Amino acid sequence: MLFLDTKTKILFTGSPLAYSPSQPQANITGATKTRSKVRSIQLYTELQQRSPPSLISLAGGAPNPNTFPFQSASIQLKDGKMVTFDETAMKRALQYSASNGIPELLTWMKNLQKDLHNPPTISYSPEEGQMDMCVTTGSQEGLCKVFEMLVNPGDNVLLDAPTYSGTLAALQPLGCNLINIPSDHHGMIPAALKETLSRWDPLEVHKPGSTAPKILYTIPNGGNPTGASMTTERKKDVYELAQQYDMLIIEDDPYYFLQFEKPWAPTFLSMDVDGRIIRTDSFSKILSSGLRLGFVTGPKPLVDHVVLHIQASTMHTSTFTQVTDIYLVIEFYRKQRDAMICSADKWLKDVAEWHTPSAGMFLWMKLKGIADTQQLIMEKALEKEVLLVPGGVFMINSSDPCPYVRAAFSLSTPEQIDEVYTTSTITTQINTRTDLLSFTFSVHRLSEDSLCSSKTLCDAL
């Protein structure tokens, strides 16, 4: 397991790695025999991939591709185009590959990150935090491995409130202290972050025993569940606070390519002059969630350790799935968002309030006159076969009352969305003596495959 000791000094099986945003010239020779042994396997894999077909190798432990039962494959896209894997391509697609990703995909993604974000760290040396990347099995794998690398029991970790339930599920077993930073429809509030950080003296964060937070986690675009997107000014303010307290920022941005409004705000990665941003991206929302394809971008010493963890666990992301086109479905999600907002504007203005998301798949609504939506959604709405997610699911303390609900616009058709709102009536009648809520839906039944039980939903979040 990888550990982050006092501030950003990283340990791998007890030996110090040499990277810190505030101390870029730290010694990087402490990776010891274990790291060298794992790295030698990685070098062997890369050497195999670069070798000419004429190479005769008696070194590898890979299966003979001639024994694979699949000879070729053709996939037809919705626009009629065909993606074809011939016999040679299939042999490669079904074989082991490098833990950090196949070279062509890595090259393409690095160029993409340069074009999209132009990170200042692209020209840095590895010791200074040069930008590097690796492919992961969905961004969730990347997040989990980053958390396991950086977080020790008892550490204080800063994150948006509310936030993605999968992040909470990944962090809570690590024994860390999760500290809420309030957010609104523009994401994390810098003033609230500053107030929280005022508990610590920035001059003492590197002292042994300091409890100052070492990492800050945020979803900057189309946040789950809020749909909130951070403004440029807020990102600058948050980055400056990270510099002041020498924190790493985990920029979890799976909805980056689903932003609907132009211009897009600069990313934290584009602002990163120190090498303190670890960014996770995903193709799950724009290509296929089942293909499980994501990638981690960050300072090379940290990405190297993520790759070592991949090598010792999943080995690599499916070679077959490392083929993609990131721009296939943005327009689809924009139309879905517009359909949701159109229907909400027509039917829910008197009983709910919201901000139009500029990215992502979710509408975060506050129901007027309702203290907590848990019983409302899990009982009354389900009785009428309408399913949303109560806001408390996304809070660190899920038992606290929460007046919000999350509505996803990714699966239902615009006609289904409008049907639900058109044929539903939400009334909030508060009896002053009994404080009882009457919530009435009269809806047409949606198709069975568009609904799921609350347990299945929570498992899928």
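The coordinates are above.
Below: a short report on this structure. (Residues numbered from 1 in each chain as written. Predicted model: local features only at pLDDT ≥ 70, side-chain atom pairs only at ≥ 80, totals over all residues. Heavy atoms only, no water.)

**Details of the overall build of the chain**
Secondary structure assignment for the chain yields 13 helices and 17 strands. With 461 residues in all, the chain has 49% of them scored as buried. Total accessible area on the chain is roughly 21700 Å²; 54% of this is exposed by carbon and sulfur atoms. (Helix = DSSP H or I, 4+ residues; strand = E, 2+ residues; numbered from the N terminus. Buried < 20%, exposed > 50% of the residue type's maximum accessible area, 1.4 Å probe, protein only. Areas by Shrake-Rupley, 256 points an atom, 1.4 Å probe, with all protein chains shown as cover.)

**Considerations on the sheet that holds strand 14 (residues 352-354)**
Strand order across the open sheet formed by 4 strands is 14-15-17-16, with antiparallel pairing between neighbours. Looking at strand neighbours, the two that pair on one side only are strand 14 and strand 16 (389-390), the edges of this open sheet. Pairing between strand 16 and strand 17 (residues 404-408): 2 bridges, direction antiparallel. If you follow Pro390 over to strand 17, its bridge partner there is Val405. (Pairing = 2+ DSSP bridges.)

**A word on the packing of aromatic side chains**
What characterises a pair of aromatic rings is the spacing of the ring centres plus the angle enclosed by the ring planes. Following the criterion strictly, the structure yields 8 aromatic pairs and no others. Ring geometry for Tyr256 against Trp264: centres 4.9 Å apart, planes inclined by 80°, an arrangement best described as edge-to-face. A relative accessible area of 4% means that Tyr256 is categorised as buried. Among the aromatic residues, those joined into a cluster by ring pairs are Tyr256, Phe257 and Trp264. When the ring centre of Tyr256 is taken as origin, the NZ or CZ atom of Arg279, which lies over that ring, is 5.0 Å away. (Phe/Tyr/Trp six-rings, centres within 6.5 Å; stacked < 30°, edge-to-face > 60°. Lys NZ or Arg CZ within 6 Å of the ring centre and 35° of its normal.)

**As for helix 11 (residues 374-383)**
Among all positions in helix 11, only Leu376, Ile377 and Ala381 are buried. Angular distribution of buried residues about the axis of helix 11 spans 85°; they occupy a single face of the element. Exposed residues lying more than 90 degrees from the buried face of helix 11 are Gln375 and Glu383. On the buried face of helix 11, the contacting elements are strand 15 (362-367), strand 16 and strand 17. (Arc of directions from axis to C-beta. Contact = heavy atoms within 4.5 Å.)

**Details of the environment of Leu178**
Secondary-structure assignment places Leu178 in strand 8 (residues 177-184). Spatially, the C-alpha atoms of Leu178 and Val157 are 5.1 Å apart, while their sequence positions differ by 21 residues. Ignoring sequence-local partners within four residues, the contact set of Leu178 consists of Val157, Leu159, Leu168, Leu171, Gln172 and Ile396.

**Let's talk about the pattern of salt bridges**
Inspection of every chain in the model, using the stated rule, returns 18 salt bridges. The residue Lys346 makes a salt bridge to Asp418 at a minimum N-O spacing of 3.3 Å. With Lys346 in helix 10 (residues 330-347) and Asp418 in helix 12 (residues 414-422), the pair connects residues that are 72 residues apart, well separated along the chain. According to the relative accessible area criterion, Lys346 is partly exposed, its value standing at 47%. One connected set of salt bridges, linked through shared partners, spans Lys110, Asp132, Lys300 and Asp304. (Salt bridge = Lys/Arg side-chain N within 4 Å of Asp/Glu carboxyl O.)

**Here we look at the side chain of Ser284**
Here Ser284 is to be found in the loop between strand 12 (277-282) and strand 13 (294-299). Classification of Ser284 as buried rests on a relative accessible area of 10%. Within the structure, the side chain of Ser284 is placed 3.1 Å from the side chain of Arg292, a separation counted as a polar contact. Not counting residues within four places of it along the chain, the set of residues in contact with Ser284 comprises Ser289, Arg292 and Leu293. (Polar contact = N/O pair within 3.5 Å; in protein donor to acceptor, adjacent residues only side chain to side chain.)

**Some words on a nonpolar patch on the surface**
Taken together, Ile75, Leu77 and Val83 make up a surface patch of nonpolar side chains, about 190 Å² in accessible area. Looking at where Ile75 falls in the secondary structure, it is placed in strand 4 (residues 73-76). (Patch = residues over 30% accessible without salt bridge, like charges linked within 9 Å, V, L, I, M, F, W, Y side chains within 5 Å.)

**Focus: helix 6 (residues 190-197)**
Burial in helix 6 covers these residues: Pro190, Ala192, Leu193, Thr196 and Leu197. Along the axis of helix 6, the buried residues cluster in a sector spanning 160°; they form a single face. Seen from the open side of helix 6, the exposed residues pointing more than 90 degrees away from its buried face are Ala191, Lys194 and Glu195. The inward-facing, buried residues of helix 6 abut strand 7 (156-161), strand 8, strand 9 (187-188), strand 10 (215-218) and helix 7 (232-244).

**Points about the packing of helix 4 (residues 138-150) against helix 9 (residues 300-312)**
Each pair of packed helices can be summarised by the angle the axes make with each other and by the distance between the axes. Two elements in contact, helix 4 and helix 9, have axes separated by 10 Å at closest approach and are oriented at 110°. Accordingly, the angle class assigned to the pair helix 4 and helix 9 is roughly perpendicular. Taken together, the residues of helix 9 that come into contact with helix 4 (itself represented by Glu141, Lys145, Val146, Glu148 and Met149) are Leu302, His305, Val306, His309 and Ile310. Of the residues in the contact of helix 4 with helix 9, the class split is 5 nonpolar, 2 polar and 3 charged. (Axes fitted to C-alpha atoms, helices over the stretch in contact; angles between N-to-C directions. Parallel < 35°, antiparallel > 145°, perpendicular 65-115°, else oblique. Nonpolar A, V, L, I, M, F, W, Y, C, P; charged D, E, K, R; others polar.)

**A short note on the environment of Ile181**
Take Ile181: it is sitting in strand 8. Note: C-alpha distance between Ile181 and Lys194 (13 residues apart in sequence) is 9.5 Å. Excluding anything up to four places from it in sequence, Ile181 contacts Leu158, Leu159, Asp160, Ala161, Met188, Ile189, Ala192, Leu193 and Thr196.

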